Amino acid sequence: MKRIERILIKAALIQFIFLVAAQLFFHQLNVFPELKVLTQYEGIVKEKNSDTVETIWNSSQAGN
């Protein structure tokens, strides 16, 4: 059982290292500038609440 646990821990660490490397590769080194433009175009990076959330917030405030 200890052997399997060690293998799983090593696999998790390797996965984390690959995750950090991929994040650096895509975001910090700006390898694909089109990717950054595409995410902004699709609205993924938008810092605005949706109308649904605002409607729910406004209706809950009206009841007070």
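The residue numbers shown here count from 1 along each chain, following its written sequence. Only residues with pLDDT of at least 70 are given local features in this predicted model, and only at 80 or more are side-chain atom pairs given and counted; all residues enter the totals for whole chains, interfaces and linings. Only hydrogens and water are set aside; all other atoms, that is, all heavy atoms of the structure, feed into the side-chain values.

### A few points about the overall build of the protein
So, step 1. Secondary structure summary: the protein contains three helices and zero strands in total.
So, step 2. The buried label applies to any residue whose accessible area, calculated with a 1.4 Å probe on protein chains only, is under 20% of its type's maximum; exposed applies above 50%, and partly exposed to all values in between. Burial statistics for the protein: of 64 residues in total, 0% are counted as buried. Numbered from the N terminus, helices here are DSSP runs of H or I no shorter than four residues, and strands are runs of E no shorter than two.

### Regarding a positive patch on the surface
So, step 1. Residues qualify for a patch when their relative accessible area is over 30% and they have no salt bridge, like charges being joined within 9 Å and the nonpolar side chains of Val, Leu, Ile, Met, Phe, Trp and Tyr within 5 Å. Computed with a 1.4 Å probe, the accessible areas rest on the Shrake-Rupley method; for each residue, only the protein chains presented here act as cover. Salt bridge, as used here, is a side-chain nitrogen of Lys or Arg placed within 4 Å of a carboxyl oxygen of Asp or Glu. The positive count covers Lys and Arg only, the negative count covers Asp and Glu only, and His and the chain ends enter neither. To locate a charge, take atom NZ for lysine, CZ for arginine, CG for aspartate or CD for glutamate. Residues Lys2, Arg3, Arg6 and Lys10 make up a contiguous surface patch of positive charge.
So, step 2. Tracing the backbone through its elements, the reader meets Lys10 in helix α1 (residues 2–28).

### Looking at α1
So, step 1. Between the first and last residue of a helix there are one fewer steps than residues, each counted as 1.5 Å, and that sum is the expected span. In a regular helix each residue adds 1.5 Å, so 27 residues correspond to 39 Å; α1 covers 38 Å between its end C-alpha atoms and thus fits that length.
So, step 2. At the exit of α1 stands Asn30, carrying a positive phi of roughly 55°.

### Observations regarding the confidence of the model for the protein
So, step 1. Within a predicted model, pLDDT stands for the predictor's per-residue confidence, ranging from 0 to 100. Averaged over the protein, the pLDDT score is 75; the fraction of residues at 70 or greater is 55%.
So, step 2. The weakest mean pLDDT in the protein belongs to helix α3 (residues 51–62) at 57; the strongest belongs to α1 at 92.

### A look at the environment of Val31
So, step 1. Residue position: Val31 is located in the loop between α1 and α2 (33–42).
So, step 2. Residue contacts are defined here by distance: any two heavy atoms, one from each residue, within 4.5 Å place the two residues in contact. Val31 has contacts with Phe25 and Phe26, leaving out every residue within four places of it along the chain.

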